[in-house]
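Structural description and commentary
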Amino acid sequence: AAKDAMAEATAIREKEAAAFAKEKSYFDSTITAITKAVAALEKGVAGGFLQTSAAATLKTVVQTADMEEADRTMLTSFLSGQVGYAPQSGQIIGILKQMGDTMAADLATATATEEAAIKTYDELMASKKEEVDALTASIEQKLKEIGEVGIEVVEMKEDVDDTEKALAADKKFLAELEKGCATKTKEWEERSKTRAEELVALADTIKVLNDDDALDLFKKTLPSASASFMQTTVTSRSLQMRALEEIRKAKSVAGVGHRPGLDFLVLALSGKTAMSEQNFDKVIAMIDSMVVELKTEQKDDTDKLEYCKTELDLADDKKKGLERSVEDLEKAIAKAKEMIATLSDEIAALTQGIVDLDKSVVEATENRKEENEDYKALMAADTAAKDLLVFAKNRLNKFYNPDLYVAPPKRELSAGDRIYENFGGELTTAAPGGIANTGIAVLAQVVGHDQSSVAPPPPPATWGAYSKKSEESTGVIGMIDLLIKDLDKEMTEATAEEKDGQSDYEIMMKESAEKRVADSKSLSDKQAAKADTEKALADATAEKKDTVGELFATLKYIQSLHTECDWLMKYFEVRKTARTGEIDSLVKAKAVLSGADYSLLQMNSRGFLHRLA
């Protein structure tokens, strides 16, 4: 739109410049012809002038000029060189000078108008160029943003693909986890059921063995401890049973992973070779190995617990920091969007203000031209009216106050006229023309009054000699003076108003130009600020996207930590207590086995076999 306005303004300016050049050429040729004509008339060589091209040019101008028909006829007759025509040089010179002055004034007005139009055009071109530059920069910025948005769209599509793949993997992991949890739950239920059945069986067995009748029966049937040989046998057996009891205690509190080892110890102490020294050494070595393994597992659990607590604290701190960063970025994005909206409104307001300012400048220029034309028309009419009143006053003074009469300046004869008069010729003076043949003409078109169209009324009857009415004439002259003063006052006021109007117009144009420059600069600054804010918004959005991705990864890591550590942190103390009890039982079993007398056991074993035999 700005370039179209510039092109349109340029076309209009070219047309105006062509019209002014044509008008100036017309005025220059006409003024030159008038100047030559006046010079020729004043030198008395009018005949030679009529043979020049300037006379032909002047004749063409007279045919189309805005002037009285009597003046046009007189000038046409003079320029045509009609036979028998005696030109009244003074009157023709006056008419030509008046035409020259009028055309010179019109040329000056046209020149001033052309200069003002050139100045206005230059200012308009400068402002439009700034606007075009600003719009071009805005378009380039928009193209850049379109490219960046296209890149973001491609990246977002890639993110969507990655997210869909991650979602599919997560769903697969969830399905496998649900399947594994179902299997573990079923296994746990079976273990719980088996353990409950085992406890019931043990309770029933203990109940049967602890019954009073069973105890009486055992006292009658089991061997007594009266003999020294049998005392030794019972002691060895009690060591074995005490060791088995401690190992069974360790088995009851041991984890699932240690059941097979404890079962093997129970089996080793319960077999036929359990009372041998070699078997005891193997059992003690196994107990030592299991104790070392339990302590190692406890240390691993402790290290793992410390690792879980540290990592969870660090991950939680990182999560909180990322959440604060996301919140700050969201606030910055909201603020940037609000600022962009505000800048857009301000840019629209400035743009509309510049358009309105240009429109007001054009309107003010048109009003100023109209006011100036009205002023010129008023001054021309008032000047003619004043001259006419002065002429009338002078004419009255000629009759009533001869002392105040001012005679018209004597006509200065040219050299040719003086020669003609010296040889007895009689010079004739043409009628002055103008309003009532006073020589006063109004440039504006005035409807003439044909005084010869109506016959004058008959003269009044007279009664004696006529006497001058000096008192009435004084009143009329005073009224004319008042009218002249009113015209002078009106012209003075009009001139002052014209000066004030022109001054106000120039001030207004200067202030408008300054305001337009300031508004254009402000518009450019706001457009630059908007572009910077939009870039900051894009950066904040990208940073938020990265931060949200990092936060999502952190949450996922925290979830994996909970999956890895929650069970350990929940059952750490239980596992530690159970493991401590298991170690304690194994240590006690080792102590029991380490205190046995192997030689005695070996001898007692043989005596027992002999007795059985």
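Residues numbered from 1 in each chain as written. Predicted model: local features only at pLDDT ≥ 70, side-chain atom pairs only at ≥ 80, totals over all residues. Heavy atoms only, no water.

**A word on the overall build of the protein**
The secondary structure content of the protein amounts to twelve helices and zero strands. Sequence-ordered secondary structure for the protein, helices as α and strands as β, is α-α-α-α-α-α-α-α-α-α-α-α. The buried share among the 613 residues of the protein stands at 26%. For the protein, the accessible surface area stands at approximately 41,200 Å², while carbon and sulfur atoms represent 60% of it. (Helix = DSSP H or I, 4+ residues; strand = E, 2+ residues; numbered from the N terminus. Buried < 20%, exposed > 50% of the residue type's maximum accessible area, 1.4 Å probe, protein only. Areas by Shrake-Rupley, 256 points an atom, 1.4 Å probe, with all protein chains shown as cover.)

**Thoughts on the nonpolar core**
One recurring pattern in soluble globular proteins: nonpolar side chains tend to sit buried together. In this structure, Ile-34, Leu-58, Val-62, Met-67, Leu-75, Leu-96 and Met-99 are the most contacted members of the largest nonpolar core, which totals 21 residues. Those elements that place two or more of their residues in this core are α1 (2–43), α3 (53–64), α4 (69–80) and α5 (89–209). In terms of residue count, α5 provides more of this core than any other element does, seven residues in total. (Core = buried A, V, L, I, M, F, W, Y, C linked by side-chain atoms within 4.5 Å.)

**A closer look at the pattern of salt bridges**
This structure, assessed with the given rule, holds 27 salt bridges. One salt bridge in this structure joins Asp-303 and Lys-299, with 3.1 Å as the shortest N-O distance. Taken together, the residues Asp-303 and Lys-299, both in helix α9 (residues 277–400) and four residues apart, mark about one turn of the helix. Looking at Asp-303, the relative accessible area reads 40%, which means it is partly exposed. The partner of Arg-516 in a salt bridge is Asp-358, and the shortest N-O contact between them spans 2.7 Å. Separated by 158 residues along the polypeptide, Arg-516 in helix α11 (residues 470–594) and Asp-358 in helix α9 bring together distant segments of the chain. Of the two residues, Arg-516 and Asp-358, both sit in the buried class. Ionic contacts of the salt-bridge type, sharing partners, join the residues Arg-13, Glu-16 and Glu-114 into one network. (Salt bridge = Lys/Arg side-chain N within 4 Å of Asp/Glu carboxyl O.)

**Quick word on the state of the cysteines**
Under the criterion given, the structure shown has one disulfide. Here Cys-308 connects covalently by a disulfide to Cys-565, the sulfurs 2.0 Å from one another. Measuring handedness by torsion sign, the sulfur bridge of Cys-308 and Cys-565 sits at about -70 degrees and is left-handed. Of the two residues, Cys-308 is situated in helix α9 and Cys-565 in helix α11; the sequence distance between them amounts to 257 residues. (Disulfide = S-S within 2.5 Å.)

**Observations regarding the confidence of the model for the protein**
On average, residues of the protein score 76 in pLDDT, and 72% of them reach the 70 mark or higher. Taking the mean pLDDT of every element in the protein, the minimum, 36, falls on helix α12 (residues 598–612) and the maximum, 87, on α9. Across residues 224–236, confidence stays below pLDDT 50; counting only partners more than four residues off in sequence or on other chains, it has 14 contacts. (pLDDT = per-residue confidence, 0-100. Contact = heavy atoms within 4.5 Å.)

**Observations regarding a nonpolar patch on the surface**
Residues Leu-209, Leu-215, Leu-217 and Phe-218 make up a contiguous nonpolar surface patch of about 340 Å² in total accessible area. No other element matches the three residues that helix α6 (residues 212–221) contributes to the nonpolar patch. Here Leu-209 shows up in helix α5. By relative accessible area, Leu-209 is classed as partly exposed at 42%. (Patch = residues over 30% accessible without salt bridge, like charges linked within 9 Å, V, L, I, M, F, W, Y side chains within 5 Å.)

**Section: the environment of Glu-371**
If you trace the backbone, Glu-371 turns up in helix α9. Assessed through its relative accessible area of 42%, Glu-371 is described here as partly exposed. Sequence spacing of Glu-371 and Glu-498 is 127 residues, and the spatial spacing of their C-alpha atoms is 7.8 Å. Separated by 3.1 Å, the side chains of Glu-371 and Arg-368 make a polar contact. (Polar contact = N/O pair within 3.5 Å; in protein donor to acceptor, adjacent residues only side chain to side chain.)

**A word on the packing of aromatic side chains**
Inspection of the entire model under this criterion finds two aromatic pairs. Their ring planes at 55 degrees and their centres at 5.6 Å tell us that Tyr-26 and Phe-27 sit as a pair that is tilted. Judged by its relative accessible area of 34%, Tyr-26 is partly exposed. Look at Trp-567 and Tyr-571: their rings are 5.4 Å apart centre to centre, the planes differ by 45 degrees, and that puts the pair in the tilted class. (Phe/Tyr/Trp six-rings, centres within 6.5 Å; stacked < 30°, edge-to-face > 60°.)

**Observations regarding a negative patch on the surface**
Where like charges cluster on the molecular surface, the negative patch consists of Asp-486, Glu-490, Glu-493, Glu-497, Asp-500 and Asp-504. If you trace the backbone, Asp-504 turns up in helix α11. Owing to a relative accessible area of 48%, Asp-504 belongs among the partly exposed residues under this scheme. (Lys, Arg positive; Asp, Glu negative; His and termini not counted. Charge placed at Lys NZ, Arg CZ, Asp CG, Glu CD.)

**Comments concerning the environment of Leu-568**
Turning to its location among the elements, Leu-568 is positioned in helix α11. The exposure class assigned to Leu-568 is buried, which follows from its relative accessible area of 7%. Each C-alpha atom, one on Leu-568 and one on Asp-301, is 7.7 Å from the other, the two residues being 267 residues apart in sequence. Apart from the residues within four sequence positions on either side, Leu-568 is in contact with Asp-301, Lys-304, Leu-305 and Arg-575.

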